[in-house]
Each structure stands twice: as structure tokens, then as C-alpha cells.
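Coordinates in review
In case you want the letters, here they are:
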Amino acid sequence: MLGPIAAWQDGKSVPVGGPRQRCVLGVLLVELGKEVTVERLIDLLWDGDPPRTARSIIQVQVSHLRRSFPGLIQTTAGGYLAQTDPDQVDLHRFRNLAARAQERGATEEAAALWEEALACWRGQPFSGTGSELLWYTVCQPLLEERWAAVAAWAEVDFALGNHVELAARLTPLVRKDPLRERLHFLLISALYRSGQRLTALSTFHEVRKALAEELGVDPGRDVMELYERMLHDHDTDPAAEAAREEPAETASPPGKAETASPGLSDGQPARNDLPRDIPDFTGREADLDRILEIGARGEERAEVCVITGPGGTGKTTLAIHAAHRLADRYPDAQLFVDLYGHTVDQEPVTARTALASLLRAIGVDPEALPDDTDERAALWRASLAGKRVLVVLDNAATSRQVLPLLSAAAGSLTIVTSRHDLAGLSGTRYVALGMLDTETSVDFFTTVLGAERVGREPDAARRVVALCGGLPLALRIVAGRMLSRPRWTFRHVEERLGQQHRRFHELRIEGQSVEAVFELSFQSLNAEQRETFLRLGLMIGGSVDLYGAAALIDRDPPDADDLIQELVSVCLVDEQGVDLYRFHDLIGAYARHRAFQELDEEEIAESRRRLGAYYLRAAQRATEWLGPRAHDYEVGEAADSRYREEWRSRSEAVDWFDKHRENLASMVSHYAESRQGRNAWQLAHALWRFYAVHGQTELWLSTHEQALDASRADNDDMGSAVTLVGLGIAHCLSGRLESALSLLEEAREIFVRLGDEAGEIRVFANLAVVYERMGRYEESAAALDRTIAYAVATGDQALEALQRTNLGGLHQAMGNLEEAVRHCEAVLRIQVEPGSMATHASALRTLGEVNTRRGDYATAREQLERALRLFLDMGDTTGEIYTRNNLGCVLRETGDIEGALAAHRLALELGEKTAQRSAEAEVLNDLAVTYARAGRYIEARSSHEEALDLARDRNERYAEAKALAGLAALPASTVPADEARSLLSEAAEIFAELGVPEAQEAAGELKRREG
């Protein structure tokens, strides 16, 4: 609590989840033993502007917390309550220690208690979580408690006469909050009492200045009176007196004074031309280690290390830092030459000129320099023979410029930096720099600006890092501006950088400019390369593959590849994978900015039209590998056959989707925003099956919501209906069953109006799934029967197989095991196309569940493992979740409790990771049964309660009844007998309403208990 929210058990860290989950846990623990309403949690998380799903989100967070901390959180009438030993929570331990210290006055025991209380603090409470309301209503009062404790501790220490130690410890504390006047009084007093009068006077003036600048007032009476006493006290300050007796600084020892003519001759000091190493070097540990490892090698060869990367990535900074670290290994000279490969108003230095500088640096008489470049190179190599010399060649333009400058002396090291890959240098070790990751970038801000300033706004600091794209130059410029403007917050900087048209203006300071760095690289390109760079700047999404790039620049793929590789070699484009390219964030922003400046509107629109046509057609073909097409319609965009990628298997099609998942979502957004509604809904429809199978629920929802808005704006009934079905399925798998029902009914009405029977049947197929989840089994069976009848009548075997699979699962849930087997075996006899094996996998899973209920565990396990292999081969996360949970049940029944628990937990983790919530209540109930079988009743209760909350929230009646019955089955020591009877009665009523076999069992057990 008293720092970033964290938990430990037996000395090991326990995961506490993301920012929202940490916030919920923190608020409950602050109010330990008291109810916290759901409304208050919503306010604290979202500052009064919650999403529609706020309550569901909080329920999910509480569910996850219950899993991590069984027995900690209880549900109350209006919210939740945390209950545990207060000494297990640092905040309450701190308060208890502070209260005990307060009772003991100014004693040694009190001082020790205050020390122990303050040691509970690890940083800023709720760091990285919550909202402004949380900060003002919870965090700030907690910080005030800490400052009050600091002041009380200081008063006690001062009273005990510990002036020297107190002064040393208060000095850094008061700098964190210069307006804590009482602490300043104690600091100045402690300094004065310990004989440091001059330091005390200086500290007073600092306080006076801070108060005047911030508040326009002088210090209070106590501080002013103390100042007057010190001012009229002329006793000698012992520390000052000791300083006066210090001997004068000694002269530089022989051999350390500057020499007028340094060289490599024996007896002369080594020449060191290295620029100053920056004191706040941060990150690049792996790259630095690589260079140091190269520099630490033996003396058998001349080593060359080339550091490449885009402008602004810190190549020169890294080279200089490494050179300083290696200087002792190269005692004969450490030389530095700027080759001006990319410099404003400066032509690159020729090899001849650079050799002249290097030769003069090692003591060669300027008059003795040969005119010819090759002769100078030979003299350079001869002069270094037998010497250990380190040379940094910075900002190289080409291999030709660098080659004559390389040392041939064994044991020498040349470090070259360049924006080009310098592939012409043989025998070279390469270190390629990308952008800094988020953690390293935040560490850099911490190093430059201080931990407290970053700690006040950790989330805003991370967002600023993202806006800087991890580019070291951009981060350094931002840090420099914030350093010179102490009142600037990260949120303020975020707002300034967030204005696209001003971003590059903000990233400029005293001769340093991110835009200027990129401009130099752009100007060095030839006309064809510039055109390619600008067209790539028009990409939709964060990356583009070779076929998409070819479409953008209107070239055949082989020609496009040649041009893009030229941009890769000069570090303007990053090759993410084979034939997959991206810009680093700020370079991409610069490319877009230049493209909109230099290309006309028609060129921009046509490039993006070609890219969109490629994505739309490719997605339509790739989705055919994932399952039968759900709806037939004419695709709106025709793609050039030059930009056509072919797939030979389902896995290749899945890989393509996976590679482009974000880009395709961005293209849907582009279509929607540019009023191309037909393309928007057709692309969204091509994506839904991949998003569904692979747990990309958020992308699924966002693409379909945008497509629906675009279709409605165009009055496109077909687009609206198709998209409503996709949204209905997404809401169903997310556990929002009422919403799913509403969306599907709206789609059905449109299809009926259009006379589209195939569309209406598709709606019935999906309504059946929703009805089943809601426990409306008869309606689900009727919808499936109608769908199967249509499939048989039209000869659509793929649809028949899919719906018989669903009907088999429904019969299994209803206890009609023979019917379930009949339908599933019929599915396995149907020959399916590649990509449609999901029906066979689901049929095997249902058969496994049937045999589990029959007690044939060996057969059940074999069928479930076959199903799991198929789901894994297809990358079907939904099927994997259900099957792993079913395997957990089999393992439990065969005595492997630990294996069962692992299977259930993995199913839950997969659901959480992919936002696939449809199975969550079912898995939690099965996990609870396994806990109970192991005698872990508290955890069993917690899991059943979590399942109950979720089931009630989502209107999953069967899961609700299972949770109630499970709770009722726990021992009386865990669930009291009266409560258990009430729970069982409620479960029996729901089971009877659903018409499932559990109804008779529950009624019989209830009768037995009522005696």
C-alpha cells in the first residue's frame, strides 16, 4: 500500500494484476473491515466518467483478486469488504506503530517506533493506478500522514539531542517538499546545534527563497527568530574552521599537464580526443556489453565495430560511452573524428581529409603528409603498428569513406557510427540500435529528472515515452525542457506532444531537433527512394508487408522489395520480419507529414485505395481457411493481381491474419472514417472468425462497431445485418448475453425484411448458442433443429456439421447422452474441408464430456486429448479453454488433483489473456469442485462465489445454479447449515426451471437435509 501496490506470501511476490485491479485492492485495504460501495470504486477508477461496462469490469477485477487472495474479499449488500489481520497490511501496521510511538513521548523507545513506522513506506501510495479523484481523496491524505510521522520522529530525535544524524537525514527529506516549514525549522536548528552555523544560515536562505517564489511569504515566526539568533552568534563554526585549515590544492603531478605536441612516441602522454561522456547514460546495456566484449578481445586482430541505427537513436552517445569504458585497454591513444555523414550545411569529410586529422593527432608533422589518399592510408597503418589504439569514426556516410581509415594493427579497435549499414566493410562486428523500450525510457527520465518527479505521474510519463517513440534524442529533448521548467508536469508535456501538428516543434531545443535529424536522412535519398519513403508513409496501421508496400508504391513486388531494402540499409525503415516492414514511430510521423506535404490528394487516395483493396481481398481469401463463409455477397474492391499472396494451409492463413491483426483493424477504421461503409463492413466481416478463434475480442468489437456505424450512415441494410450478427457473437463470447440477444434479434428483423433466408438461418444458429448459455434449452434446441433442416435441404454439409456439433453439446448439458452421441458421431462422419476441423474437434470434446458423465474416464481422456490437439493446431483459443477445463474434470475424477487444478487454472488464464469470458463461470465452478475434493474448502467457496457473481451478472442460469449447489455441498464449517439449505433450495428451483438432470438430484438432497 505504502508505495506501488504489491503483495508477498512467504517472501515471494504475489501478482496483483494491472492498474485497475491494484486500485480496487488498494481501496479495499485502505478501508479494511469496512464496506466500499461499487459506486465509490467506479468514481475512484474513472473520475466520474465510467464506461457502460464499469460494474462488469469491477466484478471481473474482484474475481481475479479473489483468485489471488482467497478469503480476503467478501461481497456486501452494496459492494465489497476486505477482511484480514491489519498487521498484514503495511498502512495499518504503520498507523499502529505511529499510535504506539505517540503514546511514549520523547523517549528512545518512541524514536525506535517512529523509525519502524516510517520504514513501512516504500514510495508513493497507489503509484501507477487510479484517477485524480483517487489522488486527492485517498493518496494525498495518506502522504499527509507520512509527513506528520516524519515531523513527529524529527521532534523526538531533536529532543534526544541527535542533532548531527537528524540534520543528515532531514536534508534530503525537506527537498522533496520545500514548503514543510516545521521540518525546515528542525533542520536549521539541528544544523545550528551541531555546530554547522554557516550551513544553517544557507539553509534558511534557501527556505526563504522557496517560500517567496511559491507563496510570496516569509518564513514563520519560529524560523525568523531562529535566524536572528544565528545571525548574532559569532561563535566559530567548527566545520568552517576545519575547511580553512585545509592545505591549498596541490599542483598537477608531473606528466599530467597538457602537452603541446602529443603523439604515439614512447615517453609522451597518450592522445585522448574523446568528447565528454554524458553522466546520465541510461539503457543500451546489451549493446554496450556487446561493444565492451569486442573491445576486450585479444591482440590477434584489428577489431572493427559498426553501430548502426536511425538518426537520434544515440549511436554517438553509445560509442563515446563505450570508448571511455575501454580507454584503459588502449593506452597508446583514444581518437575521435566526426565524418559529417549527415550534418546540416556540411559535406561529408573525405577520407583524405580525415586521414590528415588522424595523422596529425598521432604526431605526424603536417609538412610530412603525403598528398595521395592511398599513401596517407599506408602511413596511418604503419604509424599504428605495434600500438593499442582506439579510434571512433562518428557519423560515417559510406563504406568508401571509412575503409582507408581503418587500422590494421593487431590489438586496435575502431568504432564506427552510421545511419547506413556499411555492408561493404568486411570482417566487421555490427551493433544495430533500435528504440529504447518503455522501462528503459522511464529509467532515463528518472535519472535526469529524479525519481520523485517521475513517481508523481508514472502513467503520464509512460505516455510521454510512447509519444517520443522511445527515440533517445526525443527523450533527451523532453527531459532537457522539463529540467529547465520545473513546474511542467508529464501530463502537460503529453498534451503538447499529443498535438500532431506541433509534435516536431516540441521536440526541438537549442540546436537539437528530431525533425532536422530525419530531414538530413531524407535529403540524402535519390528521387526514387524519396518517392518510396513518402508512399510508405501513407500505410494504414503500424506495419506493411511486401504485397501491401507494392500496392502503396504501385510497383511489382520484386521491384518494391529492392527499393524498400535500400531504405532499410539507411535505417529509415525497419524490417520486422521476412517481407514485413515498419517505421519507428517518429520516423513514421515524419514520413506521413512529408507525404501530405509533397503528394496531392488524388495520389494519396489512390495509394491507400490500392492498399485497402489488397487487405480486403486477402482477408476474404484467408478467412476461407478458418471455416465456411458465413454469408455470400459481392466484394466491393477489386485488387490488382500483382499484389496477391497465396496460402497453402490454414496455419499460413492464420499467420497472415496474426501479422496484420492491428493493420486490418486500422483499415476498417480508415474505411469508416472516409465514408466507405461497404468496404468497412465487408472487411470487418472477413475478420470476425480470426478474432473469435484467437481471442481478439476488443479488436472484434471495435471493428464491428465502426462498421455498423458506417453501414447505418449509408442506409446499407445488408451491411448492418451482417455486422449485427458479428457483434452479437462477440457479445455472447464476452459474457454479455442480453446484449447478444438484442443484437441478433435486430439482425433477424432486417434479414426477414430483405427476404434473406440464409441470413435469417445464420441468426438462428447464433441465437441457439445464446439461449443455451442463458439456460433456455428448449428454445436453443428449436433454433438448432431449424438450422439443421435448412442445411440438409440445401446440401450444406459444413453448416450441418457445425450445428449438429452445437446440438450434441446441448443434449449433453440436458442429460440426453444418447442423443448427444448420435449427433456427434454424425458430425465425425461428415467429410469437412481444410479449415473446418473445428467441428470435429468440438464433437470429440462433447463425446469426452459424455464419457466423463458415464464414468468412462479412459475413453473421455483420449477423446479430449484428440480434441485439444486439433484446437491447438488450429489456434482455436475458445475450444482450447473448454477442453482444458474438461480434462481437469477427468483428472480430478481419476485422482490427479494437482493436474486437475493446473488444467482449470490454465483455462482461466487463457480466458483472461484473450478476453474470452464465456467459459469463466463454468471453469470456476469446476475449479471449486476440485478444491473441495482436495479439502481446500475456503478456496472452493471463493471460486464458487466468484462464479456466482459472474453468472448472475451475465444471466447464465445453469452456471448460477451450479455455483449455488456447489456452495451448499461444502462442509458446515465453511458454509453454515441454514445458509447451505437456502442456497440448495435456490439451486433446485433453477435446475427444475431448466429441466436438467441436476434438478432431481438437488430436490432429493434438499429433502434429505430438511429431514
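Residues numbered from 1 in each chain as written. Predicted model: local features only at pLDDT ≥ 70, side-chain atom pairs only at ≥ 80, totals over all residues. Heavy atoms only, no water.

Focus: the overall build of the chain
For the chain, the count of helices and strands is 46 helices and 16 strands. Taking the principal axes of the C-alpha coordinates as reference, the chain spans close to 100 × 85 × 55 Å. With 1011 residues in all, the chain has 54% of them scored as buried. Pairs at least 24 residues apart make up 67% of the contacts formed inside the chain by residues separated by at least 6 positions. Accessible surface for the chain amounts to roughly 44900 Å². Of this, 48% is attributable to carbon and sulfur atoms. Distance between charge centres in the chain, computed from 113 positive and 159 negative side chains, equals 1 Å. (Helix = DSSP H or I, 4+ residues; strand = E, 2+ residues; numbered from the N terminus. Buried < 20%, exposed > 50% of the residue type's maximum accessible area, 1.4 Å probe, protein only. Contact = heavy atoms within 4.5 Å. Areas by Shrake-Rupley, 256 points an atom, 1.4 Å probe, with all protein chains shown as cover. Lys, Arg positive; Asp, Glu negative; His and termini not counted. Charge placed at Lys NZ, Arg CZ, Asp CG, Glu CD.)

Looking at the packing of helix H45 (residues 977-994) against helix H46 (residues 998-1010)
Taken N-terminus to C-terminus, the directions of H45 and H46 make an angle of 150°; their axes are 8 Å apart at the nearest point. If you check the angle between H45 and H46, you find them roughly antiparallel. Classified by chirality, the crossing of H46 by H45 is left-handed. Taking contact as the criterion, the partners of Ala980, Arg981, Leu984, Ser985, Ala988, Phe991 and Ala992 in H45 are, on H46, Glu998, Ala999, Ala1002, Ala1003, Glu1005, Leu1006, Arg1009 and Glu1010. (Axes fitted to C-alpha atoms, helices over the stretch in contact; angles between N-to-C directions. Parallel < 35°, antiparallel > 145°, perpendicular 65-115°, else oblique. Left-handed = near helix turned anticlockwise from the far one by under 90°.)

Re the packing of helix H38 (residues 838-854) against helix H40 (residues 877-893)
Orientation of H38 relative to H40, taken along the N-to-C sense of each, is 20°, at an axis distance of 10 Å. Here H38 lies roughly parallel to H40, going by the angle between them. Crossing of H38 over H40 shows left-handed handedness. Mapping the contact onto sequence places Arg845, Glu849 and Thr852 in H38 and Gly879, Tyr882, Thr883, Asn886 and Val890 in H40. When its residues are assigned to classes, the contact of H38 with H40 shows 2 nonpolar, 4 polar and 2 charged. (Nonpolar A, V, L, I, M, F, W, Y, C, P; charged D, E, K, R; others polar.)

Side note on the pattern of salt bridges
Evaluation of the coordinates by the stated rule reveals 54 salt bridges. Of the charged contacts, one joins Arg609 and Glu606 as a salt bridge, the two residues approaching to 3.2 Å between their closest N and O atoms. A residue pair is termed a helical-turn pair when its members lie 3 or 4 positions apart in one helix, as Arg609 and Glu606 do in helix H28 (residues 601-623) at 3 residues. The exposure class of Arg609 is partly exposed, given its relative accessible area of 32%. Judged by its relative accessible area of 34%, Glu606 is partly exposed. (Salt bridge = Lys/Arg side-chain N within 4 Å of Asp/Glu carboxyl O.)

Remarks on the sheet that holds strand E7 (residues 303-308)
Read from one edge of the open sheet, 6 strands run E6-E8-E9-E10-E7-E11, paired in parallel fashion. Edge strands, defined here as strands with exactly one partner in the open sheet, are strand E6 (271-272) and strand E11 (429-432). Of the strand pairs in this sheet, strand E9 (residues 389-396) and strand E10 (residues 413-418) are connected by 5 bridges, and their pairing is parallel. What sits directly across from Val392, in E10, is Ile415. (Pairing = 2+ DSSP bridges.)

Observations regarding the sheet that holds strand E3 (residues 35-37)
Across a sheet, strands are paired by hydrogen bonds formed along the backbone, either parallel or antiparallel in direction. The 3 strands lie next to each other as E3-E5-E4, forming an open sheet whose pairing is antiparallel. Among the strands making up the open sheet, the edge pair consists of E3 and strand E4 (73-75). For this sheet, the mean angle separating the axes of adjacent strands, direction not counted, is 30°. Pairing analysis gives 3 bridges linking E4 to strand E5 (residues 79-82), with the strands arranged antiparallel. Along E5, the bridge assignment pairs Thr75 with Tyr80.

Thoughts on helix H36 (residues 797-814)
If you check H36, its first and last C-alpha atoms are 25 Å apart, about what 18 residues at 1.5 Å a residue would give, namely 26 Å. Between the side-chain oxygen at the start of H36 and the backbone nitrogen of Ala798 there is a gap of 3.4 Å, and the oxygen is on Asp796. Taken from the residues just after H36, Gly815 is the one with a positive phi, measuring 90°. (Expected span 1.5 Å × (residues − 1). Polar contact = N/O pair within 3.5 Å; in protein donor to acceptor, adjacent residues only side chain to side chain.)

A look at the UniProt feature "repeat: TPR" (unreviewed entry) in the chain
Taking the numbering used here, the UniProt-annotated feature "repeat: TPR" (unreviewed entry) corresponds to residues 841-874 and 921-954. The annotated region residues 921-954 carries 91% helix and 0% strand content, and the separation between its end C-alpha atoms amounts to 10 Å. (UniProt positions renumbered as here; feature names shortened; annotations may be inferred.)

Notes on the domain arrangement of the chain
According to the domain assignment, the chain consists of domain 1 (1-93 + 107-150), domain 2 (161-231), domain 3 (271-432), domain 4 (438-510), domain 5 (516-598) and domain 6 (600-630 + 649-715). Computed from C-alpha atoms alone, the centre-to-centre distance between domain 1 and domain 4 is 28 Å. (Domains from an automatic or database assignment.)

Re a negative patch on the surface
A cluster of acidic residues, Glu285, Asp289, Asp437 and Asp443, forms a negative patch at the surface. Following the sequence through the fold, Asp443 ends up in helix H17 (residues 438-449). According to the relative accessible area criterion, Asp443 is partly exposed, its value standing at 42%. (Patch = residues over 30% accessible without salt bridge, like charges linked within 9 Å, V, L, I, M, F, W, Y side chains within 5 Å.)

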